[in-house]
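Residue-level listing of the chains:
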Amino acid sequence: MVPAPVSTPPTQVARGRGQVARGRDHTVRRGGQAVRGGGQPTRVCSRDASVLFDLGSSYSYVSSHFASYLVVPCDSLSALVYVLTPMGDAIVIDCVYCSCVVTIGSLETHVDLLLLDMVDFDVILGMDWLSPYHAILDCHANLPEELSLM
């Protein structure tokens, strides 16, 4: 069993505050060096994915549909995670896909994805992914979208 993240207060899924990266050209910076995405979509476990970068989400999620294509097993959480939806409903999550590879351009990162029944996106990358990689989303800049990772 995988230890669960702290789940006392419910977290909140995206309410349209993030940036969709699929199909957009973006620049990724790692340690000050630029890596061009070249218009390639973000890939999760070697599959193109519709990704929402959500600063308002504590955790990262994968849709049930997209999870069926993952090659990593779904592990049970040692404690349930409660997620509050935009409609105000609470959803209980008990499954996590550990160490999924997220590829942006030539840069590979890893994230644990909680299984969430959603239809708008394949993956939501929350603060648990953004913070460790010191990601900076520049929403003000024109295309290409810039995502800096340290």
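Residues numbered from 1 in each chain as written. Predicted model: local features only at pLDDT ≥ 70, side-chain atom pairs only at ≥ 80, totals over all residues. Heavy atoms only, no water.

**What about the confidence of the model for the chain?**
Logical step 1: In the predicted model, the chain carries a mean pLDDT of 73, and the fraction of residues at 70 or more is 64%.
Logical step 2: Residue range residues 1-38 is modelled with pLDDT below 50. Its contacts to residues more than four positions away, or to other chains, number 125 contacts. (pLDDT = per-residue confidence, 0-100. Contact = heavy atoms within 4.5 Å.)

**Quick word on the packing of aromatic side chains**
Logical step 1: The full count for this structure, using the stated rule, is 2 aromatic pairs.
Logical step 2: Taken together, a centroid distance of 5.8 Å and an interplanar angle of 40° make the contact between F53 and W129 tilted. Of this pair, F53 sits in strand β7 (residues 51-53) while W129 sits in helix α2 (residues 127-130), placing them 76 residues apart in sequence. For the pair F53 and W129, one class covers both residues: buried.
Logical step 3: Considering the side-chain rings of W129 and Y133, the 5.8 Å spacing of their centres and the 45° angle between planes classify their relative orientation as tilted. In this structure, W129 and Y133 share a single accessibility class: buried.
Logical step 4: Cluster of aromatic residues (ring-pair linked, three or more members): F53, W129 and Y133.
Logical step 5: Its end group placed over the ring of Y69, R47 keeps NZ or CZ at 3.7 Å from the ring centre. (Phe/Tyr/Trp six-rings, centres within 6.5 Å; stacked < 30°, edge-to-face > 60°. Helix = DSSP H or I, 4+ residues; strand = E, 2+ residues; numbered from the N terminus. Buried < 20%, exposed > 50% of the residue type's maximum accessible area, 1.4 Å probe, protein only. Lys NZ or Arg CZ within 6 Å of the ring centre and 35° of its normal.)

**Things to note about the pattern of salt bridges**
Logical step 1: Counted according to the given criterion, the structure contains 1 salt bridge.
Logical step 2: With its nearest N and O atoms 2.5 Å apart, the salt bridge here joins R43 to D48.
Logical step 3: For D48, a relative accessible area of 35% translates into the label partly exposed. (Salt bridge = Lys/Arg side-chain N within 4 Å of Asp/Glu carboxyl O.)

**Topic: the side chain of D122**
Logical step 1: Here D122 shows up in the loop between β11 (107-116) and β12 (123-125).
Logical step 2: Of note is the side chain of D122, whose polar atom sits 2.8 Å from the backbone nitrogen of S50. (Polar contact = N/O pair within 3.5 Å; in protein donor to acceptor, adjacent residues only side chain to side chain.)

**Details of the state of the cysteines**
Logical step 1: Counted by the stated rule, this structure contains 1 disulfide.
Logical step 2: Each sulfur in the disulfide pair C74 and C95 lies 1.2 Å from the other. Handedness here is read from the sign of the S-S torsion; for C74 and C95, about 90°, the answer is right-handed. Note that C74 is positioned in strand β9 (residues 74-84) and C95 in strand β10 (residues 90-104), a separation of 21 residues in sequence.
Logical step 3: For C74, a relative accessible area of 33% gives the class partly exposed. (Disulfide = S-S within 2.5 Å.)

**Overview of the side chain of T103**
Logical step 1: Inspection of the secondary structure assignment puts T103 in strand β10.
Logical step 2: Contact partners of T103, with chain neighbours within four places excluded, come to P41, T42, R43 and E108.

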